[in-house]
Amino acid sequence: MNESIKKFAQWALFSALCFIGIIAFMILAGDEDPMNPMPFGRWLLIKALAMVVIAICIWGGKRLYKKGYLPEYIDTITEEE
């Protein structure tokens, strides 16, 4: 029972990292409303923050994987490709 809770927590953490990264990527790739443009400084700040969030997700994921907080299955996926 304890092992299944650990696996669930690992996959939940991995899913949360992926979800946050995907949302940040959508913000980074998204366009603004052409009928209501925002100032360039604000646009640049939003894009820069999205890039920082993506970098933190990648860096945090690598650190969490090295510490064993993410599932080992991820390693087998990358070896197959």
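Cut-offs used in this document
Residues numbered from 1 in each chain as written. Predicted model: local features only at pLDDT ≥ 70, side-chain atom pairs only at ≥ 80, totals over all residues. Heavy atoms only, no water. Helix = DSSP H or I, 4+ residues; strand = E, 2+ residues; numbered from the N terminus. Buried < 20%, exposed > 50% of the residue type's maximum accessible area, 1.4 Å probe, protein only. Contact = heavy atoms within 4.5 Å. Areas by Shrake-Rupley, 256 points an atom, 1.4 Å probe, with all protein chains shown as cover. Salt bridge = Lys/Arg side-chain N within 4 Å of Asp/Glu carboxyl O. Phe/Tyr/Trp six-rings, centres within 6.5 Å; stacked < 30°, edge-to-face > 60°.

(A) Here's a closer look at the overall build of the protein. From N to C terminus, the protein includes three helices and zero strands. In the protein, the succession of α and β elements from N to C terminus is α-α-α. When burial is assessed residue by residue, the protein has 15% of its 81 residues classed as buried. Expressed as a percentage of contacts within the protein between residues at least 6 apart in sequence, the contacts between residues at least 24 apart total 63%. Approximately 6600 Å² of the protein is accessible, and the part contributed by carbon and sulfur atoms is 70%.

(B) Structural view of the pattern of salt bridges. For the coordinates displayed, the defined rule picks out one salt bridge. Here Glu72 ties to Lys7 by a salt bridge, and the two come within 3.0 Å at their closest N and O atoms. Here Glu72 is found in the loop between helix H2 (40-67) and helix H3 (73-80), whereas its partner Lys7 is found in helix H1 (residues 2-29), with 65 residues between them in sequence. Look at Glu72 and you get partly exposed, because its relative accessible area is 41%.

(C) View of the environment of Val53. Inspection of the secondary structure assignment puts Val53 in helix H2. In the structure, Val53 is positioned 29 residues away from Ala24 in sequence and 6.5 Å away in space, judged by C-alpha atoms. Here Val53 is in contact with Ile20 and Ala24, once residues within four sequence places are set aside.

(D) Spotlight on the packing of aromatic side chains. With the rule as written, the count across this model stands at two aromatic pairs. Centroid distance Trp11 to Phe14: 5.7 Å. Interplanar angle 85°. Geometry classified as edge-to-face. Of this pair, Trp11 and Phe14 both sit in helix H1, separated by three residues, roughly a single helical turn. Residue classification places Trp11 among the partly exposed residues on the basis of a relative accessible area of 32%. An angle of 25° between the planes, with centres 5.7 Å apart, marks the rings of Phe40 and Trp43 as stacked. Of this pair, Phe40 and Trp43 are both found in helix H2, three residues apart, which corresponds to roughly one turn of the helix. According to the relative accessible area criterion, Phe40 is exposed, its value standing at 58%.

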